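The lines below spell out each chain.
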Amino acid sequence: QVLLEESGGGSVQAGGSLRLSCVASGRTARDYAMGWFRQASGQEREFVVAIDGSGGSTFYADSVKGRFTISRDIAKNTVYLQMNSLKSEDTAVYYCVSGASMWELSRRRSVYWGQGTQVTVSS
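Please read all numbers here as calculations on a predicted model, not as lab measurements. Counting of residues starts from 1 at the beginning of each chain's written sequence and follows it residue by residue. At least 70 in pLDDT is required for a residue's local features to be given in this predicted model, at least 80 for side-chain atom pairs to be given and counted, and no such filter applies to totals for whole chains, interfaces and linings, which use all residues. As a rule here, side-chain values cover all heavy atoms of the structure and leave hydrogens and water aside.

**Student:** Tell me about the overall build of the chain, and please be specific about residues and values.
**Tutor:** The secondary structure listing takes helices from DSSP runs of H or I that are at least 4 residues long and strands from runs of E that are at least 2 residues long, numbered from the N terminus. In terms of helices and strands, the chain carries one helix and 11 strands. Along the chain, helices (α) and strands (β) appear in the sequence β-β-β-β-β-β-β-β-β-α-β-β when read from the amino end. Computation of the radius of gyration draws on C-alpha atoms alone. For the globule rule, the value is 2.2 Å times the number of residues to the power 0.38. For 123 residues, the compact-globule estimate of 2.2 N^0.38 gives 14 Å, and the C-alpha radius of gyration of the chain, at 13 Å, lies within 12% of that figure. Structurally, the chain occupies a C-alpha span of about 40 × 25 × 25 Å along its principal axes. Across the 123 residues of the chain, 46% fall into the buried class. Whether two residues are in contact is decided by their heavy atoms, any of which lying within 4.5 Å being enough. Within the chain, contacts between residues separated by at least 24 positions form 58% of all contacts whose residues are at least 6 apart in sequence. Exposure was quantified through the Shrake-Rupley algorithm and a 1.4 Å probe, taking into account, for residues, occlusion by the shown protein chains and nothing else. Here the chain has roughly 6200 Å² of accessible surface; of this, 43% comes from carbon and sulfur atoms. Between the centroid of the 13 positive side chains of the chain and the centroid of its 11 negative side chains there is a distance of 2 Å. With a 1.4 Å probe rolled over the protein chains alone, any residue whose accessible area is under 20% of its type maximum counts as buried; one over 50% counts as exposed, and the rest are partly exposed. Note that His is not counted, nor are the chain ends; the positive residues are Lys and Arg, and the negative ones are Asp and Glu. Charge placement uses NZ in Lys and CZ in Arg. For Asp and Glu, CG and CD serve respectively.

Structure representation (structure tokens):
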């Protein structure tokens, strides 16, 4: 059983920043990719970013490139999402996700999900 617990969501003005955290339990961090999806109200859940087990490779959706940065602390089994220059269209519930590889994670294959944390950006 893998448990993912997110924190760090909240409300911010457009142009501001937030940092999300996700702690994983039940698996060894370096063996699995981790990442984030988001789902805005009334829309499909979409891929945001992924990072591989070692933290050496990342993969971003075009919509967040240059603004969001993912990182991980293997010793703490924690992944972080630093979100800068936030826009109103970034408003969504953000879900932490863990999968066997970044490729499988981005396609939601055999992944584990967190409960989600709300991010609201006001213009």
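**Student:** An account of the nonpolar core is requested, with residue identities and associated values reported.
**Tutor:** Residues belong to a common nonpolar core when they are buried Ala, Val, Leu, Ile, Met, Phe, Trp, Tyr or Cys residues joined through side-chain atoms within 4.5 Å. Counting 35 residues, the largest nonpolar core has Trp36, Phe68, Leu81, Met83 and Tyr94 as its most contacted members. Broken down by secondary-structure element, the contributors of at least two residues to this core are β3 (18-25), β4 (33-39), β5 (46-51), β7 (68-73), β8 (78-83), β9 (92-99), α1 (102-106) and β11 (117-122). When residues in this core are grouped by element, the largest group, five residues, is from β5. Those residues in contact with phenylalanine 68 that sit more than four places away from it in its chain are Arg38, Val48, Tyr60, Leu81, Gln82, Met83, Asn84, Leu86, Asp90 and Tyr94.

**Student:** Quick rundown of the pattern of salt bridges? Include the residues and the values.
**Tutor:** What counts as a salt bridge is simple: a side-chain nitrogen of Lys or Arg found within 4 Å of a carboxyl oxygen of Asp or Glu. By the definition in use, this model includes four salt bridges. For aspartate 62, the salt bridge goes to lysine 65, with nearest N and O atoms at 3.1 Å. Comparing aspartate 62 with lysine 65 shows no difference in burial state: the two are exposed. Because the salt bridges share partners, they merge into one network encompassing Arg38, Glu46, Arg67 and Asp90.

These figures capture arrangement, not role.
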